[in-house]
Amino acid sequence: MTILLAEWRFDYQGPIFSPDSELLVYPKVVDGEPHLHLWRVGSDDPVVDLEKDASMVAFQPDSRRCAVGHANGLVRILDCRSFEESARYETGVTGSPLAVAWNPRLPQIAIMDRNQWRIIDADSGTTISNHVVNEGLGGWPAWDPTGKRLSAGVFDNNIGIWDSMTTDLTVAPIHGHLNGGTIVRFCPDGNRLVSNDW
């Protein structure tokens with residue numbers, strides 16, 4: 001497949017495959033503006049324009065649904081077979097980017113802006129937990145493989161790892177980064193964390 005290069009905004013995080021490798025998230029220019037789109041792998045034409053203010057997509061682990069975060073705080077749930085919208089939630093968490101991450105074990109979605117993270121139920125939109133980070137947040141949220149801990153970079157160049165239910169830090173903030181834009185990922189066994197910055 002060939003996709004014409006579009007302006008890539010930092011908000012977009014990067015190209016994302018669905019877990020079953022059938023779909024790809026990548027921008028396409030619409031009326032002079034980059035919009036995130038869903039593409040079928042192997043096709044040169046996108047199947048869904050996710051709209052101008054869409055900033056991130058997170059897939060359910062079984063690839064049946066995806067969550068689309070919008071800068072105005074809206075999170076839309078799309079069926080990845082029909083591409084119909086099955087739900088939309090006004091989360092009250094706003095900002096660009098509005099980052100989303102699907103829990104690897106439970107029907108929960110982590111939502112993060114520059115000041116807070118929130119866990120919502122993917123089926124009802126109900127808030128499960130919410131945590132304000134006074135130092136500010138940067139990068140994107142990362143779930144550990146158990147779906148019980150959430151990690152993200154903080155504007156003071158530290159990394160936080162929180163219990164997703166109690167919102168307590170599970171370890172002291174991790175130091176070492178000298179620049180912002182910290183991105184973190186857990187290894188598959190959950191015992192290690194990799195991070196990088198600008």
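Right above here is the structure, for reference.
Owing to the predicted nature of the structure, the values given are computational and were not obtained by experimental measurement.

### Observations regarding the layout of surface pockets
Consideration 1: Computed from the structure, the largest pocket encloses a volume of approximately 520 Å³.
Consideration 2: What lines the largest pocket is a set of 22 residues, and nearest its centre among them are A101, W102, P141, W143 and R185.
Consideration 3: Of all the elements in the fold, those that place two or more residues in the lining of the largest pocket are β1 (16-17), β5 (54-59), β9 (99-102), β13 (137-143) and β16 (183-186).
Consideration 4: A per-class count over the lining of the largest pocket returns 18 nonpolar, two polar and two charged.
Consideration 5: In this structure, the second largest pocket encloses a volume near 150 Å³.
Consideration 6: Along the walls of the second largest pocket sit 13 residues, with V133, E135, V154, L169 and P173 positioned nearest its centre.
Consideration 7: Where the lining of the second largest pocket is concerned, the elements lending two or more residues are β12 (127-132) and β15 (159-163).
Consideration 8: Counting residues per element, the lining of the second largest pocket draws most heavily on β15, which supplies three residues.

### Quick notes on the sheet that holds strand β8 (residues 85-90)
Consideration 1: Taken together, the four strands give an open sheet; going across it, the order is β5-β6-β7-β8, and neighbouring strands pair in antiparallel fashion. Edge positions in the open sheet fall to β5 and β8, since each of these has one partner strand only. With strand direction ignored, the average angle separating the axes of adjacent strands in the sheet is 20°.

### Comments concerning the pattern of salt bridges
Consideration 1: One pass over the structure, following the stated rule, counts six salt bridges.
Consideration 2: R76 is the salt-bridge partner of E85, the closest N and O atoms lying 3.2 Å from each other.
Consideration 3: On the basis of relative accessible area, E85 is assigned to the partly exposed category, the value being 33%.
Consideration 4: Looking at R76, the relative accessible area reads 6%, which means it is buried.
Consideration 5: In this structure, R149 and D144 form a salt bridge, with 3.1 Å as the shortest nitrogen-oxygen distance.
Consideration 6: Connected through salt bridges with shared partners, the residues E51, R76, E85 and R88 form a single ionic network.

Cut-offs used in this document
Residues numbered from 1 in each chain as written. Predicted model: local features only at pLDDT ≥ 70, side-chain atom pairs only at ≥ 80, totals over all residues. Heavy atoms only, no water. 1 Å grid on protein atoms, 1.4 Å probe; cavity = no way out; pocket = protein on both sides within 12 Å on 5 of 7 lines; lining within 4 Å. Points joined across faces, edges and corners; volume = space filled by probe spheres on them. Helix = DSSP H or I, 4+ residues; strand = E, 2+ residues; numbered from the N terminus. Nonpolar A, V, L, I, M, F, W, Y, C, P; charged D, E, K, R; others polar. Pairing = 2+ DSSP bridges. Axes fitted to C-alpha atoms, helices over the stretch in contact; angles between N-to-C directions. Salt bridge = Lys/Arg side-chain N within 4 Å of Asp/Glu carboxyl O. Buried < 20%, exposed > 50% of the residue type's maximum accessible area, 1.4 Å probe, protein only.

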